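# Notes for the structure review
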Amino acid sequence: MFLQEGPPAQNSPSSLVVNNGVRGSLDTLDAAGKRAKKLNWLTLFFNDLSLEKQFRLSETTDLHQSMSCMALVFVTLFTVQMLISERNFEMAVSYGATFPVLVLLLSIVFTGYLERWRSKMPWSVQWIPGLSRGISTRAALRVLVVSLCVLITLLMAVLNFVFIPGNNCTSISTNRTELEALKLYTVPYYLYCCLLAMLGVVVFVRTCMSVKALLLTLAVVVYLVLFLYIYAPRSNCLVDLLYNGTKPGVLKEPKIMAGVWLFMFYSICLILTRQDELGCRVEFLLEHCFQSEREEMETMENVNKLLLQNVLPLHVACFFMGKTIRNQDLYSTSCDCVCVMFASVPQFKEFYSESSANRDGLECLRFLNEIISDFDELLSKPKFSSVEKIKTIGSTYMAAAGLNKTASGEERKETEMSYSHVRCMLEFAIALMGKLELINTHSFNSFKLRIGINHGPVIAGVIGALKPQYDIWGNSVNVASRMDSTGVLDKIQVTEETAQVVQSLGYSVTLRGVVNVKGKGELTTYFINTD
């Protein structure tokens, strides 16, 4: 078995612990968690009361199979007693009264198979398929049905023994002909019926061991009283009939052997009941451990997804999640139309100082963190869903729009895509300026943004395996960076191509003139009027 009765644990003198072989096979389970889930060695109850309650209220899925086995035992008893006894009125009445009850209980536990036809049933009887599940999921109802079924079977095993003749056989023990007419040879068969009925108690799995032990104890006490005391004269007469008045050996004495057989079967049934209870509890414990482990894995997976989505854009994170990506595999994609923005706070360099008043620059960095965090909050707005933050370089905020690919069936023309991305990025840049103004109001500062925007094709990809970094490359990125570095405070500078797109969107622009851009030569640039 999975559990064994071993040396007492240090923290609990009476406990059953998980076998070492099982511990080795369950590598995913936490060792401390497994040792904490212990059973009482006598009652097999979980020491954790909440776990015990969950086990009691857990659903039993194989109750119909146990009931079928008990019904087979009941039919066997009826067949045996029909063959060995006269077809008297008492037997007809007893089986006629108990057989419909057993059929009714058996029918109830099999109603679950009607679930597939429930929708086709009349509304007034659609509750019938739920009877089986109601019993399986309710511990009290389950115990009631099982106890009733077991009591009926235990009773019918010995009930008709009461009605057979032979109570006054001792008075005619010298008349062999009259003794033979009593048909006392049927007495051992009723004992066998009792033993079979006791074995029927064991077939019910996931039923409380205490209930089954109580029923077995009640049955064996009643059987012993009947065979060894109340109807002992029948056994004596049977001995006189078989051995002609001589005393047989102990092993041939019906009364003694009845007690021995009943005690043996009682002990065997208790052992089987205990082993069944132990197996069910181990199975439940493993399922509970696996469920806890599964929930922890799902929680960790969700946390990892959130962390990955904070490091990488959503569409890039989805590429890596759920796949086995080798470290040398790269993610890269070409985007034909992306709007890139660089927004810097040049005044922060003058603001930053390492002095004792600002704790060696810590307070300056904390203020910069508040500014960047407020900028990041704007990304959560639905209208900026196409904007992706790329990175921050010092006090410069880099973002791009149009990196996430559109869904299939929604492909649009390149011009329309560029217009939408430029509009979204322009609105985001204006929102950044407004956010910084709000920060200045609360902090009594006068920081201004210097923003450069450009659009065009880029290459996006992830660099690094252990510490991945998402970035974009291309001439469009370099020009956008130059638009920022050559720009003016509180202005949004764009190239001539971008200015044409901005004008088509309804915004006005102001010609700045020709600007000497490092690595690009002289470019004509424009300022976007944000008033």
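Residues numbered from 1 in each chain as written. Predicted model: local features only at pLDDT ≥ 70, side-chain atom pairs only at ≥ 80, totals over all residues. Heavy atoms only, no water.

Turning to the environment of Leu365, a few remarks are in order. Relative to the elements of secondary structure, Leu365 occurs in helix H15 (residues 362–378). With relative accessibility at 44%, the residue Leu365 sits in the partly exposed group. For the pair formed by Leu365 and Ser353, sequence separation is 12 residues and the distance between their alpha carbons is 9.9 Å. (Helix = DSSP H or I, 4+ residues; strand = E, 2+ residues; numbered from the N terminus. Buried < 20%, exposed > 50% of the residue type's maximum accessible area, 1.4 Å probe, protein only.)

The next thing to look at is the confidence of the model for the chain. When pLDDT is averaged across the chain, the result is 82; 84% of the residues are at 70 or more. Ignoring residues within four places in sequence, the model shows residues 1–29, a span with pLDDT below 50, making 53 contacts including any to other chains. Across residues 407–411, where pLDDT falls below 50, the model places 1 contact with residues more than four positions away in sequence or in other chains. (pLDDT = per-residue confidence, 0-100. Contact = heavy atoms within 4.5 Å.)

In this structure the tally under the stated criterion is 18 aromatic pairs. Residues Phe46 and Phe55 carry aromatic rings whose centres are separated by 6.1 Å and whose planes lie at 75° to one another, so their mutual orientation is edge-to-face. Per residue, the accessibility class of Phe46 equals that of Phe55, and both read buried. Measuring from ring centre to ring centre gives 6.0 Å for Trp261 and Phe265, while their planes differ by 55°; the resulting arrangement is tilted. Here Trp261 and its partner Phe265 are both found in helix H12 (residues 254–311), 4 residues apart, which amounts to about one turn of the helix. The exposure class assigned to Trp261 is partly exposed, which follows from its relative accessible area of 33%. An aromatic cluster of at least three residues, connected via ring pairs, comprises Phe74, Phe78, Tyr95 and Phe99. (Phe/Tyr/Trp six-rings, centres within 6.5 Å; stacked < 30°, edge-to-face > 60°.)

Our focus in this paragraph is the pairing of strand E6 (residues 450–463). Judged by how many residues are buried, E6 sits mostly within the fold: 11 of 14 residues are covered. Across 12 bridges, the pairing between strand E3 (residues 331–344) and E6 is antiparallel. When the sheet's bridge partners are listed, Phe342 is paired in E6 with Gly452. As paired elements, E6 and strand E8 (residues 491–495) share 4 bridges and run parallel to each other. (Pairing = 2+ DSSP bridges.)

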